[in-house]
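# Structure assessment
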Amino acid sequence: MPIHPIEFRYGTPEMREVWSQERRLKNLVETEIALSKAEADLGMIPKDAAIEIEKTLPRVKWERVDEIENEINHDMMAVVKAISEQCAGDAGKWVHFGATSNDILDTATALQFRDAVSIMEEKLYRLLKILVKQSEDHINTVCCGRTHGQIGVPTTYGLRFAIWSSEIDRHIDRLQELKPRLLVGQMTGAVGTQAAFGKNGIEIQKKTMGYLGIGSVDVSNQLIQRDRHAEFVMWMGGVVTTLDKIGTEIRSMQRSEIGELEEGFGKKQVGSSTMPHKRNPIKSEQICGLARIVRGFIETELLNNTLWDERDLTNSSAERIVFPEGCILADHIINLGIKVLENLRFNQANIEKNLNLLNGLNMGEAIMIELTLRGVGRQEAHEIVRSAAMKSVEENVHFKDALLADKELAAVLTGDDIENLVDPYKYIGTAVEQVENLNQKLKAKYGNKI
């Protein structure tokens, strides 16, 4: 009976498969095979034994591994025995020669990380492509800028999307930087000295990882140091937090009283069991909610680096949860972000309505800057505009009228000047150029990936 929501509600089939029992066992056996090949290359075990060990890959089954583990109460040794009993002749006696459990376990985990990273990386390119397109499509869509939840000077939706795409670009950069530190295996033996491998230890590790297509640790003890894994979990936390930010903004802009954006809503979709009119931003809410779970894994994995001496087992149980759940949920969140941003709806009428909601008050900075350019001291100009703004609010008069009522200001600016200055479409600075410059940079950097 399914218990965890990942089993039936969250996660993509491709990422769930990476962390399935079957894939885990396959990676463990592949690692044992690579080790046997490396040892055969160096004359440590018979070449025929390595060939026979490789043949077991499709024959070793989880059911048998579980059966053995129930008898001996050791997960890795159960795999070793399951491989050995599938070997013809005496080849089975060479399985796991010189290795310790975490040589195999941690190296197999690196193979899972490699596949998980590949899935998320490809989706980040898709996400980036969507954000770049949205920034281009809405490069001239002027809207309210907001600080402290209050309407400020205008911005553009193009700039908002560009800010998000720039953030995703940095996450991709971070991923490229951390992959060489994350995607490594080890063959270091009981406490890291490689003593059981004799003089061939360093070469065995190099050859084993060469067969697997991943890097090698420089030094280690009985397990790969968890600062590497913690960095990856923190990276996932950063990615989902960016999507949390985007989801939070979409939810805010979908509020009934703002109504500038809306998630796509299916023809038969139901928003509420009791309020038939509801169109709720449920995908964005799910992004924001699940991001909290992924971020929560960061402290756990940081603590998994503080083990006793050459190792203990306190990290193992936690990581059986942190690694698969973190990757599955992060991938799920990225997937949701793609769907939301691809199907986002804009309400231009509400965007324009909100721009003019304050009757020009949000253009106070433009007035202040122009007064300064015409010879009024900046601080004095600020006070003139501030006083007019307070009068506009308290006496419920239009901002233009409140401005013109100030004789000092009226001596500098005419009614036509003010009319021009309170036009929000004329006060977006270099927003368009910033978006154009960023998109040009990203397209040159990623080419046909975006």
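Residues numbered from 1 in each chain as written. Predicted model: local features only at pLDDT ≥ 70, side-chain atom pairs only at ≥ 80, totals over all residues. Heavy atoms only, no water.

For the coordinates displayed, the defined rule picks out 32 salt bridges. With a closest N to O distance of 2.5 Å, lysine 26 and glutamate 30 form a salt bridge. Placement of both lysine 26 and glutamate 30 in helix α2 (residues 21–41) is noted, with a separation of 4 residues, approximately one turn of the helix. Under the relative-accessibility criterion, lysine 26 is labelled partly exposed at 39%. A salt bridge links lysine 55 to glutamate 52; the shortest N-O distance between them is 3.8 Å. Placement of both lysine 55 and glutamate 52 in helix α3 (residues 47–55) is noted, with a separation of 3 residues, approximately one turn of the helix. Since its relative accessible area comes to 13%, glutamate 52 is described here as buried. When salt bridges with common partners are traced through the structure, they connect Glu17, Arg23, Arg114 and Asp115 into a single cluster. (Salt bridge = Lys/Arg side-chain N within 4 Å of Asp/Glu carboxyl O. Helix = DSSP H or I, 4+ residues; strand = E, 2+ residues; numbered from the N terminus. Buried < 20%, exposed > 50% of the residue type's maximum accessible area, 1.4 Å probe, protein only.)

To continue, consider the packing of aromatic side chains. One pass over the structure, following the stated rule, counts 9 aromatic pairs. Summarising the aromatic geometry, the rings of phenylalanine 113 and phenylalanine 232 are spaced 5.2 Å apart at their centres and angled 65° between planes, so their arrangement reads as edge-to-face. With a gap of 119 residues between them, phenylalanine 113 in helix α6 (residues 101–137) and phenylalanine 232 in helix α9 (residues 227–253) connect regions that are remote in the sequence. Summarising the burial analysis for this pair, phenylalanine 113 and phenylalanine 232 share the class buried. An aromatic cluster is present here, built from Trp19, Phe113, Phe232, Trp235 and Phe323 joined pairwise through their rings. (Phe/Tyr/Trp six-rings, centres within 6.5 Å; stacked < 30°, edge-to-face > 60°.)

Under the feature "domain: Adenylosuccinate lyase C-terminal" (unreviewed entry), the UniProt entry names residues 359–439. For the annotated span residues 359–439, helix accounts for 67% and strand for 0% of the residues, and the straight-line distance between the end C-alpha atoms is 34 Å. (UniProt positions renumbered as here; feature names shortened; annotations may be inferred.)

Time to look at the packing of α2 against helix α8 (residues 201–212). At a closest axis distance of 8 Å, the pairing of α2 and α8 adopts a crossing angle of 130°. With respect to α8, the axis of α2 lies oblique. α8 is crossed by α2, and the crossing has right-handed handedness. Across the interface between the two elements, Glu30, Thr31, Ala34, Leu35, Lys37, Ala38, Glu39 and Asp41 of α2 pack against Ile204, Lys207, Thr208, Tyr211 and Leu212 of α8. The residue makeup of the contact of α2 with α8, split by class, is 6 nonpolar, 2 polar and 5 charged. (Axes fitted to C-alpha atoms, helices over the stretch in contact; angles between N-to-C directions. Parallel < 35°, antiparallel > 145°, perpendicular 65-115°, else oblique. Left-handed = near helix turned anticlockwise from the far one by under 90°. Contact = heavy atoms within 4.5 Å. Nonpolar A, V, L, I, M, F, W, Y, C, P; charged D, E, K, R; others polar.)

Here we come to the nonpolar core. Ranked by internal contacts, the top residues of the largest apolar core, which has 73 residues, are Met15, Trp19, Met120, Phe232, Trp235, Met236 and Leu341. Each residue touching methionine 120, except ones within four places of it in the same chain, is listed here: Met15, Phe232, Trp235, Met236, Cys327, Ala330, Asp331 and Ile334. Residues Leu28, Val29, Ile53 and Ile104 belong to the second largest nonpolar core, which totals 34 residues. (Core = buried A, V, L, I, M, F, W, Y, C linked by side-chain atoms within 4.5 Å.)

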